[in-house]
Amino acid sequence: MQKFNFSRLGQSVLLALSTAGALVSLSAFAQEAAPAPAPTPTQSQEDVERISVSGRLMSSAASAAAERREQPYVAEVLGMEQISRAGDSNAAAALRRVTGLTLVKDKFIYVRGLGERYSSTLLNGAMVPSPDPTRNVIPLDMFPAGIIESLVVQKAYSPELPAAFGGGNVNIRTTAIPLQTSFNVALGIGYNSLNNQDGFDYAGGSDDWRGDDDGQRSISPRLALAQQQYGVLTPVNIAEALGGINAVNLAQAETIVRELGTAFNRDIDINRTTVKPDFDASASFGTRFDLARNVVFGVMTGLSYDRSTENIEQRERYYSVSGENLVPLNRYDDIKGTEHQVKLSGMLNFGLELGVDHRLETSTIYLSDTKDEIKIKNGDSIETINETNRSNTDTSILYEERTMLSNQLRGKHNFPYLMDLALDWQYTDARARRNAPGEVEYRYLNETRDDGTVFSFLRRNQNAVNYSFSDMKDNTENLSWDLQLPLTLGKAELVLTGGYSYFERNRNAQTDRFNFDTVGYSLAQLSGRFSEIFSDSAILNPANRFKVSNVTTQADDYLAAQMIDAGFGALELNYDYLLRLNIGVRYEDFKQISLPLAADGSVSGTLTDSVLQEDGWYPALSLTWFVNDDLQARFGYSKTVVRPDLREVTPVLYVDPLTDFKVTGFAGLQSTDISSFDVRLEWYYDNSNYSIGAFYKDLENPIEAIELSGSDGNLLMSFRNAQSGTVYGVEAEFLQQLDMFTGNFGQFANNFFVAGNLTVSESEISIQRFPGADLTNLTRGLSGHSKYVANLQLGFDSDNNSHNATLTYNVFGKRIAFAGVNDKDDAFEQPFHSLDFTYGYTPLENLTMKVGIKNLLDDEVEILQQGEILQQRTEGQSYSLSVSYRY
């Protein structure tokens, strides 16, 4: 276990100083190798200096700050160039650089210390579904950087946004009509330090370049037909379906459940193999055509491919409590594995400009993410934790395909003859799917004999092997429009805005579970490899009494739907370039139903418990005072809501793929009402800017992840409403060119800039005890909340833009992973210190080479409970090299 201590801190400081020194040396080299051109006769030396300063890549951060300055509500903007220079490969990694944001599991964003449930994502202003059924928000790692024009993080609510707004909203914007013809192509390779050792794979694994299953893991037609014909796959039930329980029918039924074993993919023996380097490639093309006077047609297309393999090193434990001490119920301190992942994405956008008043755009985006994970856990379960001569080896194979397809049509129109009335509209049809065919889990028992030898065998049990086949499909439609009417009344400029939005979602989630019965096998037969134990001959041998059964006692399937009707009105008032007032209100009518289904397809539970219906008014106010040309102050207030996700209100059991925790939904969840206050002071000067702000949020009925009292030695999670909660804090941000040090460090100080942000906050909730969950702390911090989040970036740009480098640091304070029960303290995820470095070299105007190193401090992810390890994950250091050509 690696702990962050003062020696680690000293190493990181030395490393940062060494890197900074390298940047200084690089600056001196760049200055000598490529001196600035002499001024032309019409230019003074001072003019040349101003051009050289504003032309550096630092201007990308400054331009994003300029857009943020014009936003009527508190927002952060991250431009394409900023994302590129930091070496971020996707939207999730890029957003980690934004003030008050933290990245969780490399997928989800926490805004101001609030969990991912308190953030939302839009794609070009439209709501789209998530291909992850365990989350309401989209895993942002699915959006490659190459398709992103900019990212806008709005931290204060405005009425044109959906009322489901907690900590913030992320709008991913793409381009349809480029300013000029462009062509970009990039190739890259990567490597993780964890891959120094051989990885794991298996026959039938996704080793092809697409990572595709090719249907070999899917439930076989023979197995699907058997379920359709017989329902519950037991000899007695099948005999009934065959005409009645008698000796002949029972014998035939025994044959059927035995032969069905050959319908499963059993060629899954685990092997060691050399890990291949990561590989990624992307290409994009954009152009515009002048069809007629003031008529422009544009096209933007892009493709991205990313194949990566990473070894897994983890530890997992779970505890009960005895007095003041924790007693382990299971302990797996040796977890190894390998994750193979392939990401594909494609974008095709068209745009048509009809003069300056009308613009039509279409956007089609396809995202695909396949993951093939092998995990081998060596340790003890509740059955072996107190036995010195016995242990377990648990093996799991999980293959999943996550896809999203979004088709969008949008338009912007201005009507000068109607008092400059403006109309914006969009229609989006999107589909998401998570398909996880053939997930397999099984356990070998290891017995140490008197002579020291170890005898390992597959456990002899009615559910010795578990197969599951899961498929979730989400379909959404989203239509919205808004009108804007500008007016002038003396020194006051007004904009009246009103609009309508409609959103609907329907979901169909199905899971089929099957068990292999090995009670009839001898221990000697169970000591071989998986494919030998379950060969055709072994399965079909009646003496082994092999059986297949399907799990019907657990409700896994459900149907769900959502519908939102919304309208809003707003007013913007600008008075004499001194004050800007934005005020508005949104009305939403929300309906949701989630129906768990029994094995026979009937609704499980009470229908009324599955319905959530509510409506409400959600006001927003923002006041901006332009103190002078460089300084402005903001104040904001809003009332919003955070609603429970479909999976959270559906009482079905599932495994969270991010934590491996078992989770069950709770039908009685209520929505969380949030009142928010923001104040902020922003100062902009040349290419530098500073801001400081404070925020306060009052939460009614916040939704919390809690631990239930389980009985099998494994962690069982669920969700409940707390009574109330608050979150409050301050945040600061700065961007500063280091030209003030030119006197001490010479002219090369102009080539450096430093940017950073810091959020410090507190949270508190009051929660009651629940049946089955005797919570230890009834007053505590909000789950997932960090008391501090810090980002620091040191950047370098040479005068001729041939060299640029960035050193970025990110850290968040410890946060509650879940609330403890039965006198156990809460479990806390520990701070993770991330230090990344990227260097780019442009030897030719259109050619760029880039080197990146991530996690220089080699920190680890840890969740501790009362000082004991609950989970630990080694991240390793990642190295990347890429070459890009831009025309």
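Since the structure is predicted, the reported quantities are computational estimates derived from the model, not experimental observations. (Residues numbered from 1 in each chain as written. Predicted model: local features only at pLDDT ≥ 70, side-chain atom pairs only at ≥ 80, totals over all residues. Heavy atoms only, no water.)

A. Inspection of the sheet that holds strand β1 (residues 75–79) at higher detail. Ordered in space as β1-β6-β7-β4-β5, the five strands form an open sheet in which the pairing is mixed. The open sheet has two edge strands with one neighbour each: β1 and β5 (126–127). Sheet topology note: the strand β4 (residues 119–123)/strand β7 (residues 168–173) ladder contains five bridges and is parallel. Note that in β7 the partner of Leu123 across the bridge is Ile172. (Pairing = 2+ DSSP bridges. Helix = DSSP H or I, 4+ residues; strand = E, 2+ residues; numbered from the N terminus.)

B. Spatial organisation of the side chain of Asp380. In this structure, Asp380 sits in strand β14 (residues 358–380). Comment: no salt bridge for buried Asp380; closest opposite-charge side chain is Arg331, at 4.1 Å. Ignoring sequence-local partners within four residues, the contact set of Asp380 consists of Asn330, Arg331, Tyr332, Ile385, Arg390, Ser391 and Asn392. (Buried < 20%, exposed > 50% of the residue type's maximum accessible area, 1.4 Å probe, protein only. Lys, Arg positive; Asp, Glu negative; His and termini not counted. Salt bridge = Lys/Arg side-chain N within 4 Å of Asp/Glu carboxyl O. Contact = heavy atoms within 4.5 Å.)

C. Up close: unusual backbone geometry. You will see that Asp420, though not glycine, has its phi angle at about 60°, which is positive. Relative to the elements of secondary structure, Asp420 occurs in the loop between β15 (390–415) and β16 (421–448). In this structure Asp420 comes out as partly exposed when scored by relative accessible area, which is 38%. Even without being glycine, Gln866 reaches a positive phi, approximately 55°. Along the polypeptide, Gln866 turns up in the loop between β40 (860–865) and β41 (868–874). Residue classification places Gln866 among the partly exposed residues on the basis of a relative accessible area of 32%.

D. Up close: the confidence of the model for the protein. Per-chain confidence: the protein averages 83 in pLDDT, with 84% of residues scoring 70 or above. Mean pLDDT values for the elements of the protein range from 27 in helix α2 (residues 45–54) up to 95 in helix α10 (residues 536–540). (pLDDT = per-residue confidence, 0-100.)

E. Region of interest: the packing of aromatic side chains. Counted under the stated rule, the structure contains 25 aromatic pairs. With centroids separated by 6.0 Å and ring planes inclined at 70°, the aromatic side chains of Phe415 and Tyr417 adopt a geometry described as edge-to-face. Judged by relative accessible area, which is 17%, Phe415 ranks as buried. Among the aromatic residues, ring-to-ring pairing joins Phe264, Tyr442, Tyr444, Tyr467, Phe469, Phe514, Phe516, Tyr521, Phe530, Phe534 and Phe546 into one connected group. Across from the ring centre of Tyr332, 4.9 Å away, lies the NZ or CZ of Lys377, which sits over that ring. Between the NZ or CZ atom of Arg815 and the centre of the ring of Phe812, over which it lies, the distance is 3.7 Å. (Phe/Tyr/Trp six-rings, centres within 6.5 Å; stacked < 30°, edge-to-face > 60°. Lys NZ or Arg CZ within 6 Å of the ring centre and 35° of its normal.)

F. Highlighting the sheet that holds strand β26 (residues 662–664). Here we have four strands laid out as an open sheet, ordered β25-β26-β30-β29, and mixed in their pairing. With partners counted over all chains shown, the strands left at the sheet margins are β25 (653–655) and β29 (703–708), one partner each. Sheet twist, expressed as the average angle between the axes of neighbouring strands with direction ignored, equals 35°. Strand direction decides the pairing type here: β29 and strand β30 (residues 716–721), joined by six bridges, are antiparallel. Bridging from a neighbouring strand, Ala705 pairs with Phe719 of β30. (Axes fitted to C-alpha atoms, helices over the stretch in contact; angles between N-to-C directions.)

G. Up close: the pairing of strand β17 (residues 454–458). Both β16 and β17 contribute to a ladder of five bridges, which runs antiparallel. Pairing of Leu445 across the sheet is with Phe457, part of β17. In sequence, β16 turns back onto β17 through a hairpin of five residues, with Gly452 there showing a positive phi of about 90°.

H. Looking closely at the nonpolar core. Judged by nonpolar contacts, the single largest core of 41 residues is most densely connected at Leu458, Val465, Tyr467 and Phe534. Counting 25 residues, the second largest nonpolar core, distinct from the first, contains Leu78, Ile147, Met404 and Ala432. (Core = buried A, V, L, I, M, F, W, Y, C linked by side-chain atoms within 4.5 Å.)

I. Representation of the pattern of salt bridges. Summed over the entire model, instances satisfying the criterion amount to 38 salt bridges. In this structure, Arg317 engages Glu868 in a salt bridge whose closest nitrogen and oxygen atoms are separated by 3.9 Å. Of this pair, Arg317 sits in strand β12 (residues 295–322) while Glu868 is found in strand β41, placing the two residues 551 residues apart along the sequence. Given the relative accessible area of 17%, Arg317 is considered buried. Across the pair Lys371 and Glu400 runs a salt bridge, and its minimum N-O distance is 3.6 Å. With Lys371 in strand β14 and Glu400 in strand β15, this pair connects stretches of sequence that are 29 residues apart. The pair formed by Lys371 and Glu400 is uniform in burial state, with each residue classed as buried. It is possible to trace a salt-bridge network through shared partners that takes in Lys155, Arg634, Arg680, Glu682, Glu731 and Glu733.

J. Region of interest: a nonpolar patch on the surface. A surface patch of nonpolar side chains, about 920 Å² in accessible area, is lined by Tyr575, Leu578, Leu579, Leu623, Trp625, Val627, Phe635, Phe677, Val679, Tyr696 and Tyr728. Within the residue set of the nonpolar patch, elements represented by two or more residues are β23 (611–626) and β27 (672–685). Within the element layout of this structure, Leu579 appears in strand β22 (residues 579–597). Leu579 sits in the partly exposed class, given a relative accessible area of 33%. (Patch = residues over 30% accessible without salt bridge, like charges linked within 9 Å, V, L, I, M, F, W, Y side chains within 5 Å. Areas by Shrake-Rupley, 256 points an atom, 1.4 Å probe, with all protein chains shown as cover.)

K. Local environment of helix α8 (residues 247–259). Look at α8: 18 Å from first C-alpha to last across 13 residues, which is about the 18 Å you get at 1.5 Å a residue. Along α8, the positions that sit buried rather than exposed are Asn249, Ala253, Ile256, Val257 and Arg258. Its side-chain oxygen 3.2 Å from the backbone nitrogen of Val248, Asn246 forms the N-cap of α8. (Expected span 1.5 Å × (residues − 1). Polar contact = N/O pair within 3.5 Å; in protein donor to acceptor, adjacent residues only side chain to side chain.)

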